[in-house]
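# Structural features, examined
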Amino acid sequence: MTPNQSQHTASDKPLADKASGQDATLRIGSGDLKLLVEERRGGTSIDQQTLHTYGYDKAVGIESLSELFYSTELLRQPFRSTTIYLDNGDSYVLAPSDLREEGSDPLIWLQLAQATEGHQVLSTPLESIRATLIWSVPQELYDFCLRSFPMANFIHPIAPLISACTTYTRREHPHALMVYWVGSSLDVLYSSEGALQLANRYEASSAVDALYYITALWRQLDLSTPDDHLLLYTQSEEGAEQSRAADLLKLLQESITNIYHQTYPGVADGLLASMPPEMLLSRI
């Protein structure tokens, strides 16, 4: 497997010398791995290198990731910081701060949604909605990340979308349904006047499956077809992902008027999920 690197804009000094002043962000999903390395001076990116190749697959385990790590010099550098957006398609739980006792084990909450044996439970505080996002990843994937990227910070990719959705309904329109569709996972968020009311994950392999869940929730939430907004994020602008996104849009336009579609920020445009909600919303 040979990774595809692009956008080399800095000097040719050794990678290890530069890495101590660089921040790395990775997104490891159920079918891809995306890497962004940035060096910042005065808030401006002066060095950016991107990598896009095959990621983690539950069926084959970490073999492909291990091969990639040991064959790619860029991934083995001692970066100043490493943030990993990690999601393998399993369920997640939002635990309200006023119901979750301080210091309580996140495992207790996640067990309400899924089996956790053989998984590492992770959590991300979401201060803007006074809740904690709790999810898990296969133990072998978590252990690999810790070995390969010591002191890494783990975040779920849905976290910035939750912030973006609530921000949108405070600033732009009072009611919005936000959808993030990647692989067979369909995440649906609903916010009303800045307050998150719903966050669910469904399994949707086809445009017809996705249409069913979106339109059913639209009706259940009594959203207005001519007035309220649907914010749709999909994974890629290429290949099968692009084709099925186009199919879904065509189906949705028969019943929903205000649809705003963008690809989820990735290495194609030099962005990853670490940006603030304003940057996500600026793409709508």
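Residues numbered from 1 in each chain as written. Predicted model: local features only at pLDDT ≥ 70, side-chain atom pairs only at ≥ 80, totals over all residues. Heavy atoms only, no water.

### Concerning the overall build of the protein
Helix and strand counts for the protein come out as eight helices and 14 strands. For the protein, contacts bridging at least 24 residues in sequence account for 62% of all contacts bridging at least 6. A total of about 13,500 Å² of accessible surface is found on the protein, and carbon and sulfur atoms cover 47% of it. (Helix = DSSP H or I, 4+ residues; strand = E, 2+ residues; numbered from the N terminus. Contact = heavy atoms within 4.5 Å. Areas by Shrake-Rupley, 256 points an atom, 1.4 Å probe, with all protein chains shown as cover.)

### Quick notes on helix 6 (residues 207–220)
Taking 1.5 Å per residue as the helical rise, helix 6 with its 14 residues ought to reach 20 Å, and the 20 Å between its terminal C-alpha atoms agrees with that figure. Considered for burial, the residues of helix 6 that qualify are A207, A210, L211, I214, T215, L217 and W218. Within helix 6, the buried residues cover an arc of 160 degrees as seen down the axis, which keeps them to one side. More than 90 degrees from the buried face of helix 6, the exposed residues found are V208, Y212, R219 and Q220. Positive phi appears at D222, one or two residues downstream of helix 6, with a value of about 55 degrees. (Expected span 1.5 Å × (residues − 1). Buried < 20%, exposed > 50% of the residue type's maximum accessible area, 1.4 Å probe, protein only. Arc of directions from axis to C-beta.)

### Topic: the pairing of strand 11 (residues 185–192)
Of all eight residues making up strand 11, eight are buried, and the element is well covered by its neighbours. Covered by surrounding structure in strand 11 are S185, D187, L189 and S191 together with L186, V188, Y190 and S192, the residues of both alternating faces. Both strand 10 (residues 175–182) and strand 11 contribute to a ladder of eight bridges, which runs antiparallel. Bridge pairing links A176 to S191 in strand 11. Linking two consecutive strands that pair antiparallel, namely strand 10 and strand 11, is a turn of two residues; a positive phi of about 60 degrees is found at G183 within it. Judged from the eight bridges that link them, strand 11 and strand 12 (residues 195–203) form a sheet pairing that is antiparallel. Directly across from S191, in strand 12, lies its bridge partner L196. (Pairing = 2+ DSSP bridges.)

### A look at the packing of aromatic side chains
For the structure shown, the criterion picks out six aromatic pairs. Consider the rings of Y142 and F154, whose centres lie 5.2 Å apart with planes at 40 degrees: the pair is tilted. With Y142 in helix 4 (residues 139–148) and F154 in strand 9 (residues 153–155), this residue pair connects regions lying twelve residues apart in the sequence. Looking at Y142, the relative accessible area reads 15%, which means it is buried. Relative to Y213, the ring of Y202 lies with its centre 4.6 Å away and its plane at 20 degrees, an arrangement referred to as stacked. Here Y202 is found in strand 12, whereas its partner Y213 is found in helix 6, with eleven residues between them in sequence. Three or more aromatic residues joined by ring pairs make a cluster, and in this case those are F69, Y70, F144 and F149. (Phe/Tyr/Trp six-rings, centres within 6.5 Å; stacked < 30°, edge-to-face > 60°.)

Any functional reading would require information beyond the geometric quantities listed.
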